[in-house]
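Each chain, written out:
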Amino acid sequence: MTTTAATAATTPADGAFLKAVRGEPVPHTPVWFMRQAGRSLPEYLAVREGVGMLESCMRPELVVEITMQPVRRYGVDAAIFFSDIVLPLKAVGVDLDIVPGVGPVVASPVRTLADVEAIPDLTPEHVPFITEAVAGLVSELGATPLIGFAGAPFTVASYLVEGGPSKDHARTKAMMFGAPDVWDALMRKIAGIAAAYLEVQVAAGASAVQLFDSWAGALTPDDYRTAVMPHSARVLAAAGELGVPRIHFGVGTANLLGLMGEAGADVVGVDWRTPLPAAIAQVGDRAIQGNLDPTLVFAPTEVMTARAAEVIEAGRAARGHVFNLGHGVIPATDPDQLKRLTEFVQGYRL
Ligand code: CP3
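No experiment lies behind these values; they were computed from the predicted model shown. (Residues numbered from 1 in each chain as written. Predicted model: local features only at pLDDT ≥ 70, side-chain atom pairs only at ≥ 80, totals over all residues. Heavy atoms only, no water.)

Peer 1: What exactly am I supposed to notice about the pairing of strand β6 (residues 246-249) here?
Peer 2: Within a regular beta strand, the side chains point alternately toward one face of the sheet and then the other, so they alternate between its two faces. Across the two faces of β6 the burial is the same, with Arg246 and His248 and Ile247 and Phe249 all buried. Pairing between strand β5 (residues 208-212) and β6: four bridges, direction parallel. Across the sheet, the residue bridging to Val209 is Arg246, located in β6. Between β5 and its parallel partner β6, the chain crosses via helix α11 (residues 221-241), and the hand of that crossover is right-handed. One ladder, built from three bridges, connects β6 with strand β7 (residues 267-269); its direction is parallel. Paired with Ile247 across the strands is Val267, a residue of β7. (Buried < 20%, exposed > 50% of the residue type's maximum accessible area, 1.4 Å probe, protein only. Helix = DSSP H or I, 4+ residues; strand = E, 2+ residues; numbered from the N terminus. Pairing = 2+ DSSP bridges. Right-handed = clockwise from strand over helix to strand, strands pointing away.)

Peer 1: Just to check I follow, could you spell out the environment of His327 for this structure?
Peer 2: Considering the arrangement of structural elements, one finds His327 in the loop between β9 (321-325) and α15 (335-347). A relative accessible area of 25% places His327 in the partly exposed class. Each C-alpha atom of the pair His327 and Val270 lies 8.4 Å from the other, and the pair is 57 residues apart in sequence. Excluding residues that lie within four positions of it along the chain, His327 makes contacts with Met34, Trp215, Phe249, Val251, Trp272 and Pro294. (Contact = heavy atoms within 4.5 Å.)

Peer 1: What's the story with the site of the ligand in this structure? I'm lost.
Peer 2: Close to the ligand lie 26 residues; Arg35, Tyr44, Asp84, Ser214 and His327 are nearest. Contact between the ligand and Tyr44: an oxygen atom at 2.6 Å from a side-chain N or O atom of the residue. Between an oxygen atom of the ligand and a side-chain N or O atom of His327, the distance comes to 2.7 Å. Taken by itself the ligand offers 880 Å² of open surface, and the protein chains cover 91% of this. Listed by contribution, the elements that provide at least two residues to the shell around the ligand are α2 (42-48) and β3 (103-106). (Near = heavy atom within 4 Å. Polar contact = N/O pair within 3.5 Å; in protein donor to acceptor, adjacent residues only side chain to side chain. Areas by Shrake-Rupley, 256 points an atom, 1.4 Å probe, with all protein chains shown as cover.)

Peer 1: For this particular structure, what's the right way to read the pairing of β9?
Peer 2: With five of five residues buried, β9 lies mostly within the body of the structure. Side chains of β9 alternate between two faces, with His321, Phe323 and Leu325 and Val322 and Asn324 buried alike. On the question of chirality, the crossover connecting strand β8 (residues 287-292) to the parallel β9 by way of helix α14 (residues 301-315) is right-handed.

Peer 1: Is there a simple way to explain the nonpolar core in this structure?
Peer 2: For soluble globular proteins, the rule of thumb is that nonpolar side chains tend to be buried together. Residues Phe17, Phe81, Leu160, Tyr224 and Leu341 are the most contacted members of the largest nonpolar core, which totals 127 residues. A per-element tally of this core places helix α10 (residues 180-203) first, with 13 residues. With residues up to four places along the chain from it excluded, the contact list for Leu160 reads Leu89, Val94, Val106, Pro109, Val110, Ile119, Leu186 and Ile190. (Core = buried A, V, L, I, M, F, W, Y, C linked by side-chain atoms within 4.5 Å.)

Peer 1: Explain the pattern of salt bridges here, please?
Peer 2: Pairing is possible between side chains that carry opposite charge, provided their charged atoms lie close to one another. Summed over all chains, the structure comprises 14 salt bridges. Taking the shortest distance from any N to any O, the salt bridge between Glu343 and Lys339 comes out at 3.4 Å. With Glu343 and Lys339 both in helix α15, this residue pair falls four residues apart, about one helical turn. Overall, the relative accessible area of 29% leaves Lys339 in the partly exposed class. The network of salt bridges with shared partners includes Glu55, Arg59 and Glu61. (Salt bridge = Lys/Arg side-chain N within 4 Å of Asp/Glu carboxyl O.)

And the structure:
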């Protein structure tokens, strides 16, 4: 079924994004971009001047402004809440910072059961600024849905155990293999924090949630299934009980997509390395999200849009398809090129 702009959505539930997520007919393939807010936008750099990353996440007026910036500029079909996967840890008192050009850095990495037990559980009282920011956003966004998010237990554990970004996640996996009791306690701790953090966002009005397991691709399917999936499943189940759709995303997950769906996702996010037909074969009767290579925005526009058309066409075989990049917007991206990409996807006749 094709509709025209005359039947534009009046609530998030009527819009292309939530329709695609539910597997219903859409007026156009909905589109948003991971990291659509951030360093690729001059207006972001302007409001962030002199304000630390985590501090900006705790100032509701800044969160509202930064989340709205790409919505205004591109007219994307969904907003992603401006925050970070380590913000809830900071909120409960873990000593960490986000270092520009590096990423999250944890002062005292977690290595023992006592280290895990020292991390408090998250309650809404830890994050009143999140409730305020989400509520402010929902009223400003009108019919555009807000996607809330949390980091998945494995990816957040990697920052806590390594103490910072890691290529091989060696210490994290060493704990998983060699200290299963500590690992289990840590994963339960993070899962509880993630579930509580998502609940705050949904209670304040978020229309959907995304669980980012960015580094799950470091795991074999067997290790993912036994040591990680049950904990992510708990977070996704908790979000499901709140009645919102759940997107589950990771990078390098070609062999994990089926399990990531089974963990309790309504939509499985796919990075650009996995062709959508292969992804769809794995996820079965679920919607998919993705997966244009984020570097294609640096190619000539007609090359980018030709590849985007291939992604849209491939997505038609899925239960539903949300267009996105296969990972976050690269900071050097020209915003005008993302605007052209948004218009192309929304104008593409299905
Ligand atoms: O627009 C959006 O997508 C919403 C905001 C968002 C941020 N981080 C803001 C941010 C989201 C959804 C995240 C999630 C996140 N954070 C993930 C999962 C997504 C992914 O990319 O796989 C991960 C792994 C992190 C951890 C993290 N935080 C990294 C690796 C970095 C980048 C470090 C750097 O400087 O290169 C951050 C910092 C961060 N988070 C920035 C932004 C806009 C950049 C900080 C800045 O602008 O000063």
